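Here is how the chains run, residue by residue.
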Amino acid sequence: MSVETYTPRAFHRQAHDALGNPQIRSNFRRAMDGLMTKRRDVFSDWDLETLRELGANIRLRALARLPDLLEQLEANCEANGIRVHWAEDGEEACRIIRELCESHGAKSVIKGKSMVSEEMHLNAHLEAAGIEALESDLGEYLVQLNEQTPSHIIMPAIHLNTDEISDIMHEKTGTERTRDVDYMTAAARAQLRERFMNADVGVSGVNFAVAETGTLCLVENEGNGRMTTTVPPVHIAVTGIEKVVEHLRDVPPLYALLTRSATGQHVTTYFNMISGPRKAGEHDGPREVHLVLVDSGRSRIYQDNELLDTLRCIRCGACMNHCPVYTRVGGHSYGTTYPGPIGSILMPHMLGLEETKDLPTASSLCGACGEVCPVKIPIPDLLVRLRREAVGEGRGNVPGAGVKRTKKEVAAWKTWQWLATHPSAWRGSLLMAGKLRALTPSRLGPWTQYRTALKPAKRSLHALVKSHRRAGEDES
Amino acid sequence: MSARDNILKRLRERTDGPLTAPDSDFAVVTGRGWSAQERLERFERWISSVHGEVIHTSRGNWTADLAKLLQAKGVRRLALGREHPVAAEARAALAEGEVTLIDADRDVETWQHAQFHDTDAGLTSTRGGIAETGSLWLWPTPDEPRLISLVPPIHIAVLDADTLEDTFFDVIEAHGWAGGMPTNALLISGPSKTADIEQTLAYGVHGPRELIVLVRHPEERV
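Every value quoted in this text rests on a predicted model; they were computed, and no experiment measured them. (Residues numbered from 1 in each chain as written. Chains lettered and ligands numbered in written order. Predicted model: local features only at pLDDT ≥ 70, side-chain atom pairs only at ≥ 80, totals over all residues.)

Q: Give me the overall build of chain B: which residues, what numbers.
A: The helix and strand tally for chain B stands at six helices and 12 strands. Reported as C-alpha extents along the three principal axes, the dimensions of chain B are approximately 70 × 45 × 40 Å. The buried share among the 222 residues of chain B stands at 46%. For chain B, the share of sequence-separated contacts (at least 6 apart) that also reach a separation of at least 24 residues comes to 75%. (Helix = DSSP H or I, 4+ residues; strand = E, 2+ residues; numbered from the N terminus. Buried ≥ 20, exposed ≤ 12 C-beta atoms within 10 Å, placed from the backbone. Contact = placed C-beta atoms within 7 Å.)

Q: Would you mind going over the pairing of strand β3 (residues 100-103) of chain B in detail, with residue names and values included?
A: Where strand β2 (residues 77-80) of chain B and β3(B) come together, four bridges link them in parallel fashion. When the sheet's bridge partners are listed, L80(B) is paired in β3(B) with D103(B). (Pairing = 2+ DSSP bridges.)

Q: Could you give me a rundown of helix α8 (residues 138-145) of chain A, with the residues and numbers involved?
A: Of all eight residues in α8(A), eight are buried, a share of seventy percent or more. Turning to α8(A), its buried residues number three or more, namely L138(A), G139(A), E140(A), Y141(A), L142(A), V143(A), Q144(A) and L145(A). Tucked into the core, α8(A) has its buried residues touching β3 (132-135), α9 (162-173) and α10 (181-198) of chain A together with β10 (193-194) of chain B.

Q: Tell me about the nonpolar core, and name the residues and values.
A: All names here are of chain A. Membership of the largest hydrophobic core comes to 190 residues, with the highest contact counts inside it found for I97, C217 and V292. Tallying contributions element by element places helix α12 (residues 251-263) first for this core, with seven residues. Summarising the domain contributions, this core has at least three residues from each of domain 1 (1-45 + 306-404) and domain 2 (46-296). Aside from chain neighbours lying at most four places away, what touches I97 is L122, V203, I236, V238 and V292. (Core = buried A, V, L, I, M, F, W, Y, C linked by C-beta atoms within 7 Å. Domains from an automatic or database assignment.)

Q: How would you explain the interface of chain B and chain A if you had to name every residue and give the values?
A: Each partner contributes to the interface: chain B provides 67 residues, whereas chain A provides 79 residues. Among the elements of the structure, α1 (3-12), α5 (112-117), α6 (168-174), β9 (184-188) and β10 of chain B are those that each provide at least two residues to the side of chain B that touches chain A. The greatest single-element share of the side of chain B that touches chain A, amounting to eight residues, is contributed by α1(B). Residue composition of the side of chain B that touches chain A, grouped by class: 32 nonpolar, 21 polar and 14 charged. As paired strands, strand β9 (residues 270-274) of chain A and β9(B) are joined by five bridges and run antiparallel to one another. Bridged to Y270(A) within β9(B) is I188(B). (Nonpolar A, V, L, I, M, F, W, Y, C, P; charged D, E, K, R; others polar.)

Q: Just give me the short version of the sheet that holds strand β5 (residues 128-130) of chain B, but keep the residues and values in it.
A: Here we have eight strands laid out as an open sheet, ordered β8(A)-β5(A)-β6(A)-β9(A)-β9(B)-β6(B)-β5(B)-β8(B), and mixed in their pairing. A single partner strand is all that each edge strand has here, and the edge strands are β8 (244-245) of chain A together with β8 (164-165) of chain B. Strand direction decides the pairing type here: strand β6 (residues 215-220) of chain A and β9(A), joined by five bridges, are antiparallel. Residue pairing across strands places L218(A) opposite N272(A), the latter belonging to β9(A).

Q: For the environment of L307(A), give the residues involved together with the corresponding values.
A: Residue and element names in this part refer to chain A. Take L307: it is sitting in the loop between α13 (298-301) and α14 (318-321). Judged by C-beta crowding, with 24 C-beta atoms within 10 Å, L307 ranks as buried. Along the sequence, L307 and S296 sit 11 residues apart, while their C-alpha atoms lie 15 Å from each other.

Q: Kindly report on the environment of E198(B), identifying the contributing residues and their values.
A: By the secondary structure assignment, E198(B) is in the loop between β10 and β11 (202-203). Residue E198(B) is classed as partly exposed on the basis of its 19 C-beta neighbours within 10 Å. Excluding residues that lie within four positions of it along the chain, E198(B) makes contacts with N161(A) and T162(A).

Q: Just give me the short version of the packing of helix α4 (residues 66-80) of chain A against α1(B), but keep the residues and values in it.
A: Taken N-terminus to C-terminus, the directions of α4(A) and α1(B) make an angle of 150°; their axes are 8 Å apart at the nearest point. Between α4(A) and α1(B), the angle falls in the class roughly antiparallel. Of the residues in α1(B), those touching α4(A) at L66(A), P67(A) and L70(A) are L8(B), L11(B) and R12(B). Across the contact of α4(A) with α1(B), the residue classes tally to five nonpolar, no polar and one charged. (Axes fitted to C-alpha atoms, helices over the stretch in contact; angles between N-to-C directions. Parallel < 35°, antiparallel > 145°, perpendicular 65-115°, else oblique.)

Q: Describe the sheet that holds strand β7 (residues 154-160) of chain B, with residues and values.
A: Residue and element names in this part refer to chain B. With respect to topology, six strands assemble into an open sheet ordered β1-β12-β7-β4-β2-β3, the strand pairing being parallel. Strands with a single pairing partner mark the edges of an open sheet, and in this sheet they are β1 (53-58) and β3. When the angles between neighbouring strand axes are averaged without regard to direction, this sheet yields 25°. When β1 meets strand β12 (residues 210-217), the two strands line up parallel, connected through six bridges. Note on β12: the bridge partner recorded for E53 is I212. Across the sheet, helix α4 (residues 85-94) is in contact with β2, β3, β4 (121-125) and β7; its angle to β4 comes to roughly 130°.

Q: Could you give me a rundown of the packing of α9(A) against α10(A), with the residues and numbers involved?
A: All names here are of chain A. It is the contact of α9 with α10, at a shortest axis distance of 11 Å, that shows an interaxial angle of 35°. Like other packed secondary-structure pairs, α9 and α10 cross with a definite hand, here left-handed. Facing α9, whose interface residues are T162, I165, S166, M169 and T173, α10 presents V181, M184, A187 and Q191. Grouping the amino acids of the contact of α9 with α10 by side-chain chemistry returns five nonpolar, four polar and no charged. (Left-handed = near helix turned anticlockwise from the far one by under 90°.)

Q: Explain helix α19 (residues 379-390) of chain A to me, using residue names and the numbers behind them.
A: All names here are of chain A. Between its terminal C-alpha atoms α19 stretches 16 Å, which fits the 16 Å expected from 12 residues at 1.5 Å a residue. Taken together, the buried positions of α19 are I379, L382, L383, R385, L386, E389 and A390. The buried residues of α19 occupy one face: seen down the axis, they fall within an arc of 160°. Of the surrounding secondary structure, the elements contacted by the buried residues of α19 are α14, α16 (340-351), α17 (353-356) and α18 (368-372). Directly after α19, the chain includes G392, whose backbone phi takes a positive value near 75°. (Expected span 1.5 Å × (residues − 1). Arc of directions from axis to C-beta.)

Q: Just give me the short version of the domain arrangement of chain A, but keep the residues and values in it.
A: According to the domain assignment, chain A consists of domain 1 (1-45 + 306-404), domain 2 (46-296) and domain 3 (407-475). Computed over C-alpha atoms, the centres of domain 1 of chain A and domain 3 of chain A are 36 Å apart.

Structure below.
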């Protein structure tokens, strides 16, 4: 299987390729249809709107008090024995984690699922320093074996079907070729158990960090998260600064929304709440726990009242599950860590609009993402805002703002605006357009890629109505 | 300035000015008002729906049911604590039997290999259960460490029926969790599972393949 590198700059080519790949199309279609149905069913006996309202309020309250809560989180974590580190960007976070590993002479790191670590390319960074980083979430493990990146934030290997996974496991780990999912799961269990026992450091993400108690919450089904945070002697948790919540009681509503929105589950197998390293007298758990708080553009998003809503996200992936574009082009087409609608409103802040200018337009603005978002992020509005920023019509506080602005387009719209507000000039230009219709270009960029070029009518509708009326008057 | 100071400064000197925190009404996650019977039914329905097994037993007779269960599952080596009444009663009842009892109340480093390779099941108490989601809540202790509910292929959990509560929110509030969290607090709702291979459910990917809950009732149930 080939190793492919996807980039947001090549979105259109990648999307085109994915659309032409029936395997990708059917893998995603089937998975997304199932997820949408399961989500709908699991919320059927809930007052979903009230719950979403509460979820949105909890996240807004956390953001409103963000700097204070981060300080409170830090103080309570430190009091619990969790060392807290701060990183301006992914590079700094990678360096902090690498140095922590090196200070323990670590050669092997086992990882629980963490999108922030994907965002900062932690595995590549550690490997460059001679430290092996192994993913332990089954989907992440398969994707890593296949030298790929996740195509979905909750289900990393959703782009692969059973036969493809069987091939990958056979080629990379020597298992039998089979369609028996239990056999493959058991094989991965055996392979990874040895690695858990021998890992020097466990790295995980965080779903919610509770300021009030200094607690790190992890949501999972497999148990690899618990293994990662319990078996190795050192646990390093890494998360974005926006993941903090104020109170412990803020957690149950968000957890209820997260599992149901993500996979249609009423609950996950494990909800793991960590409030410190192994204490004196305790017999297992890591001797050290570290928390790395990463900014990576989040504090810039935080400045703007409208863009701020992006930071409410609890990373459930419901927006991609319900997105007609994502379902058709798949996660890799976006070429970014976070694909789908959430990626399209988040990645421009992390990578700049120069790299990601096509992402805000990778949407039909159908509104499904906004309707299903458990914390009511107005994703379609944010997509429109980023489109405006890309053409230099926003507030200019997104990196790369104005990258899509062209003199030609600006001049065309200015002319249009002037004509539309000057009736006699408008009528004159319509008349001319009708007379010069033979000169209309037949190729008009992307418009004529799938359509015939528009040609002005010989006579405008106005003119036709006028002569029709005149004819009617003559008859009477 | 440090990264910490820079980040906090940017957040405090926000371009669009300070934000107002909205109030939160938690009514939607509490106040279910279920009867004990309804709680039990919900708990059992939900945990069974995710492959958890429920065995009803009594305070007086539960160790006999445990022995039967161990035999039925072919458990030869059982890891358990010592001090908790659940562990103490189980030890007393199983002392004469064929099941080897493995002390869980010792540093994992001294028996990690045996824990990962030669332990068939782990037995733990639970602090309570949640009816709405079919969840158990555990606060691991030196007596019953974190890994015995995770590493062995079977986890047997003992739950007293009268410790069931309606929702996760209710548990956190009623037991004052925010006033003092343990090193590790856990909700467990079923055996370990994954759907990462083409959405096909498989159990026991990293943690236990089976979760069996012995629900103890105050009296022998007819």
